[in-house]
Amino acid sequence: MLTVGTIVNGGFRLVRERPFSVAIWGLIYMAGAIAGFILVLGPLFAMQAGMMGGGEAGPPNPLAMMGVVYLFDFGILFLLMVLMAAGLRAVLRPEESGFAFIRLGMDELRLFGLMLIFLVGFMVLSIAFAILFAIVLGATGAMSGGYAPAEGSPFGRISWAVYALMLGFYALLFWLQVRLSPTIALTMIRQKIIIGEAWRLSRGHFWTMFGGFLVLGLILGAGYLAILFAVFAPFIGDFTRGTLGMDTLAAIQQGNFASLGGFGFMLILGAVGIAILAGIGIAFWSGGIATATAALLEEEGEGVAAAFE
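Residues numbered from 1 in each chain as written. Predicted model: local features only at pLDDT ≥ 70, side-chain atom pairs only at ≥ 80, totals over all residues. Heavy atoms only, no water.

**What about the pattern of salt bridges?**
Here is the rule: Salt bridge criterion: a side-chain nitrogen from Lys or Arg within 4 Å of a carboxyl oxygen from Asp or Glu. Note on classification: 1.4 Å probe, protein chains only; a residue is buried when its accessible area is under 20% of the maximum for its type, exposed when over 50%, partly exposed between these limits.
This structure, assessed with the given rule, holds ten salt bridges. The partner of glutamate 96 in a salt bridge is arginine 93, with the nearest N and O atoms 3.1 Å apart. What makes arginine 93 buried here is its relative accessible area of 13%. The network of salt bridges with common partners includes Arg89, Arg93, Glu96, Arg103, Asp107, Glu108 and Arg110.

Here it is, written out as structure tokens:
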């Protein structure tokens, strides 16, 4: 039977039973994110370094920058799907261990294709809501004789209907994400892209699944906030007050943490903490989703025994 505890336990169990794999997932994801960060912001750092050195540096080509950003987005999405597949494999097919359950094959390509389908669906949904938003905004503005300027708002007074529409859009996204969450586990189990069966399986279980994922998300969010306040709060405070020295900024941009002393040590410690949480996050979502999907299949008489061993 699917319960909130089933989902939460599935995420924690993967962390508890596969700590080495979880650490590897986090380090790989962090390495990919750092590499992408350098790739995307490298030209901007080079321009700023040239300006700080007294030279003249023109802005990077915007089209080239856009291409790099898209390359990074698709690259990090593919990396995430590889790591999610590893987490799902650790629960659903533990006999396929390997190095931290990581493989490059059709499972990973199918999950990546599934995410591209969802990305296209999100874009279509966003366009539809943007059109609806414009219609509602124009209609309410016409009925009220135009928008009177609101104090402190450059956009004027917006109708409650527009706010309700925006809230409805985000609520719809959350609902769809929860209802369709079994797709990635079913795609691994069936070895083909599955959407319709996931929708059918999750019918009537929205609040249970939402509750389980919410608990995991809150725990993970609390961990990130703890790192933020413990490690990065002084840095953020100095940065917002404009008291962070140019030498410190230059050292951070160049990756020269040795010259930062204790501050550099704290940054490195924070990066390690974030890497660990990244691995835990992958374990939470893959373990929670895999266990929830296995429980739903169990209710229909199809056992996925590995998830309960």
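**Description of the confidence of the model for the chain**
What counts here: Confidence of the predictor at the level of single residues is given by pLDDT, which spans 0 to 100. Here, two residues are considered to be in contact whenever any of their heavy atoms come within 4.5 Å of each other.
Confidence in the prediction of the chain, expressed as mean pLDDT, is 80, and 72% of residues score 70 or more. Segment residues 147–156 is flagged for pLDDT under 50; beyond a separation of four residues in sequence, or across chains, it makes twelve contacts in the model.

**Quick notes on helix H5 (residues 160–179)**
Applicable threshold: Numbering of helices and strands runs from the N terminus, with a helix taken as a DSSP run of H or I at least four residues long and a strand as a DSSP run of E at least two residues long. By this rule the span expected of a helix is its residue count minus one, scaled by 1.5 Å.
Here H5 spans 28 Å end to end across 20 residues, near enough to the 28 Å set by a 1.5 Å rise per residue. Among the residues making up H5, those that are buried are Val162, Leu165, Phe169, Leu173, Val178 and Arg179.

**Digging into the environment of glycine 217**
Within the secondary structure, glycine 217 sits in helix H8 (residues 206–241). Residues glycine 217 and valine 8 lie 209 residues apart in sequence; the distance between their C-alpha atoms is 10.0 Å.

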